[in-house]
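# Notes for the structure review
Take a look at the letters that make up each chain.
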Amino acid sequence: MGQPSAQTMHDLGAADSAPAAARPARGGFRPDIQGLRAIAVTLVVVTHLWGWPTGGFVGVDVFFVISGYLITGLLLRELERTGRISMRGFYARRMRRIFPMAVVVLICTVVAAYALFAASRAHSTFVDAIWAFLFVENWQLVFNGTDYFHAGAAISPVRQYWSLSVEEQFYLVWPLFMLALGALAMRHRRRRGSHAESPMSGRLPTVLGTVIAVVVLASFGWAVLRSGEYHAEAYFSTFTRIWELGVGALLAIVVGLGGAAAGSPRVRGWLVALGLAL
């Protein structure tokens, strides 16, 4: 899995984007989610340093689920509150949180590469940085047939951007998908003569959850099929990773449908314990 340096760039301040039912009344700080992030990062770091625990790379899988949960919760609340999703506002927030640090790290890495590496490797680092800057580094690794666990050649200094690339591709499509479903729900409601202002007041959460579940199953099935022979694609491809973000999205919908019960301290306590056990 990707090293945490790039992964921790994404939405570290996004604890306020949890669904309202699961959000503390004050401050928006989610100690359970931040604690889970800390455990996930620690697992990845320790695994890269000492090779133990051997499954420590699961930390990035956890980050994907958290990301799907937080972003979907943010979009659901906006739909509930305004009946629409501001694409401009959404992408502006993502850029402010991710882009400045990502660019600084890339520039420093390329400068260091030209100062320390041979010309050929410095040039390849620059090319990799361009792919990372465009948030498609994961596809560069797929095209190159990179085997994460058995890398024979020199490892790219920006390879950890692959996971950030997967998330940004998810962010590019997911709000548009939810906005389209919300618009269809409102149109259908108006045809039936309903005066509900919010698309979240009807069957949209159920429909949205069903569609996400289909996507999750399809992505997971594709990941299993590709894991046997096409290791690079199975590991780095957006299509084989989208199910993890989708699981987080399903959690956000379930919490939203569960209302206060889903956000109660007792229920959240059991869920935190279950997460730690897993």
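Summary of the structure given here. Owing to the predicted nature of the structure, the values given are computational and were not obtained by experimental measurement.

## Section: the overall build of the protein chain
Looking only at helices and strands, the protein chain features 11 helices and zero strands. Beginning at the N terminus, the succession of helices and strands in the protein chain can be written as α-α-α-α-α-α-α-α-α-α-α. By residue count, 44% of the 278 residues in the protein chain fall in the buried class. Here the contacts in the protein chain between residues at least 6 apart in sequence split such that 71% fall between residues at least 24 apart.

## A few points about unusual backbone geometry
Look at the link from Trp52 to Pro53: it is a cis peptide, with omega at -5 degrees. One can find Pro53 in the loop between α2 (31-50) and α3 (58-82). Not every positive phi belongs to a glycine, and Phe135 is a case in point at roughly 60 degrees. Within the element layout of this structure, Phe135 appears in the loop between α5 (119-133) and α6 (137-143). Residue class for Phe135 comes out buried when judged on its relative accessible area of 12%.

## Some words on the nonpolar core
Core analysis: the biggest nonpolar cluster contains 43 residues, and Trp162, Trp174 and Met178 have the highest contact counts within it. Of all the elements in the fold, those that place two or more residues in this core are α3, α4 (87-116), α5, α6, α7 (161-191), α8 (204-227), α9 (231-236) and α10 (242-262). No other element matches the 10 residues that α7 contributes to this core. In contact with Trp174, not counting residues within four places along its chain, are Ile71, Thr72, Leu75, Ile212 and Ala249.

## Considerations on α5
Over its 15 residues, α5 runs 21 Å from end to end, which matches the ideal 21 Å to within 8%, given 1.5 Å per residue. For α5, the full list of buried residues reads Ala122, Thr125, Asp128, Ala129 and Ala132. An end-on view of α5 places all buried positions within 120 degrees of arc, on one side of the element. Seen from the open side of α5, the exposed residues pointing more than 90 degrees away from its buried face are Ala119 and Ser120. Just beyond α5, the residue with positive phi is Phe135, at close to 60 degrees.

## Section: a nonpolar patch on the surface
Judged by side-chain polarity, Tyr114, Phe126, Ile130, Phe133 and Leu134 come together as a nonpolar surface patch covering roughly 480 Å² of accessible area. No other element matches α5, which puts three residues into the nonpolar patch.

Rules of the game
Residues numbered from 1 in each chain as written. Predicted model: local features only at pLDDT ≥ 70, side-chain atom pairs only at ≥ 80, totals over all residues. Heavy atoms only, no water. Helix = DSSP H or I, 4+ residues; strand = E, 2+ residues; numbered from the N terminus. Buried < 20%, exposed > 50% of the residue type's maximum accessible area, 1.4 Å probe, protein only. Contact = heavy atoms within 4.5 Å. Core = buried A, V, L, I, M, F, W, Y, C linked by side-chain atoms within 4.5 Å. Expected span 1.5 Å × (residues − 1). Arc of directions from axis to C-beta. Patch = residues over 30% accessible without salt bridge, like charges linked within 9 Å, V, L, I, M, F, W, Y side chains within 5 Å. Areas by Shrake-Rupley, 256 points an atom, 1.4 Å probe, with all protein chains shown as cover. Salt bridge = Lys/Arg side-chain N within 4 Å of Asp/Glu carboxyl O.

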